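# Structural features, examined
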Amino acid sequence: GLDSVRLTNGLIQFVDQGQPPLVLRDLSLDLRWPDAASPATAEGAVRLGSGPIQYAVEVPRMAQFLAGEVSPLTLSADMPGGAVQFDGRATMAGDVAGNLRVTAQDTGAMLASLNLPAADMPPDMGAVLDLSAAVTLTQAAGLTLRDMTLRSGRNTLRGDVDMALGAVPQVTAR
């Protein structure tokens, strides 16, 4: 295990050939994993875009996670404009399944914090959002949202979404 690892004011740049780099700025990390039987926890902050993102992650079975097994994982992230919570399972390969909640009091500010393009949206059409769904993301099958509820102002959308990821994403919704 790791008693404690601390990083302050870090910079990490992920480069994928042909893609713009993903740059994590102002990275702070406090990682704790006392022994193989204990949960691993990480908390800190990072800047992807306009504002800091505060995060906390817990992996109760870290040894199994590192061995490539499916393991429980919780994540919370707070940023200017909103918050994200995930409670489910994940693998080192990046496959995840669990309950997702995204709340945005200011969608434009939240997207800017994530370094994503924002659109000017009226209050009842996306400026304020509340999304909850059972989510599955796998390299093989893409992204699915089950029992999705998306609220914005007086509008509510419920249903299921399947998205095959690729150069041209294929979306099926019902």
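Below is a short write-up of the structure. Here the structure is a predicted model, which is why all the values come from computation and not from measurement.

## Section: the pairing of strand S4 (residues 52-59)
For strand S3 (residues 40-47) and S4, the ladder comprises eight bridges, and the chain directions are antiparallel. Bridged to Glu43 within S4 is Ala56. As consecutive antiparallel partners, S3 and S4 are separated by four residues. As paired elements, S4 and strand S5 (residues 71-79) share five bridges and run antiparallel to each other.

## So, the environment of Leu7
Position of Leu7 relative to the elements: it lies in strand S1 (residues 2-14). On the basis of relative accessibility, which here comes to 33%, the residue Leu7 falls in the partly exposed class. With 76 residues separating them in the primary sequence, Leu7 and Ala83 have C-alpha atoms 23 Å apart. When sequence neighbours within four positions are dropped, the list of residues in contact with Leu7 reads Leu27, Ser28 and Leu29.

## What about the layout of surface pockets?
Roughly 980 Å³ of volume is contained in the largest pocket. For the largest pocket, the lining is made up of 25 residues, of which Leu48, Ile53, Leu75, Ala77 and Leu114 are closest to its centre. When contributions to the lining of the largest pocket are tallied by element, the ones reaching two or more residues are S1, strand S2 (22-33), S4, S5, strand S7 (96-104), helix H2 (107-113) and strand S8 (129-138).

## Some words on a nonpolar patch on the surface
A cluster of nonpolar side chains, namely Ile12, Phe14 and Leu22, defines an oily patch on the protein surface of about 260 Å² accessible area. Take Ile12: it is sitting in strand S1. Taking relative accessible area as the criterion, Ile12 reaches 32% and is therefore assigned partly exposed.

## Looking at the environment of Leu73
Relative to the helices and strands, Leu73 resides in strand S5. Through-space distance from the C-alpha of Leu73 to that of Val168 is 30 Å; in sequence the pair is 95 residues apart. Ignoring anything within four residues of it in the chain, the contact list for Leu73 reads Val57, Glu58, Val59, Pro60, Phe86, Asp87, Gly88, Arg89 and Ala90.

## Let's talk about the pattern of salt bridges
Throughout the structure, instances matching the rule amount to six salt bridges. Among the salt bridges present, the one from Asp30 reaches Arg6, with a minimum N-O distance of 3.7 Å. Here Asp30 is found in strand S2, whereas its partner Arg6 is found in strand S1, with 24 residues between them in sequence. Residue classification places Arg6 among the exposed positions, given a relative accessible area of 57%. Residues Asp26 and Arg47 are paired through a salt bridge, measuring 3.1 Å at the closest nitrogen-oxygen approach. Here Asp26, found in strand S2, pairs with Arg47, found in strand S3; they are 21 residues apart in sequence, far enough to count as distant. Accessibility expressed as a relative area gives 25% for Arg47, which makes it partly exposed. Shared partners join several salt bridges into a network, and the residues in it are Arg6, Asp30 and Arg32.

Definitions and cut-offs
Residues numbered from 1 in each chain as written. Predicted model: local features only at pLDDT ≥ 70, side-chain atom pairs only at ≥ 80, totals over all residues. Heavy atoms only, no water. Pairing = 2+ DSSP bridges. Helix = DSSP H or I, 4+ residues; strand = E, 2+ residues; numbered from the N terminus. Buried < 20%, exposed > 50% of the residue type's maximum accessible area, 1.4 Å probe, protein only. Contact = heavy atoms within 4.5 Å. 1 Å grid on protein atoms, 1.4 Å probe; cavity = no way out; pocket = protein on both sides within 12 Å on 5 of 7 lines; lining within 4 Å. Points joined across faces, edges and corners; volume = space filled by probe spheres on them. Patch = residues over 30% accessible without salt bridge, like charges linked within 9 Å, V, L, I, M, F, W, Y side chains within 5 Å. Areas by Shrake-Rupley, 256 points an atom, 1.4 Å probe, with all protein chains shown as cover. Salt bridge = Lys/Arg side-chain N within 4 Å of Asp/Glu carboxyl O.

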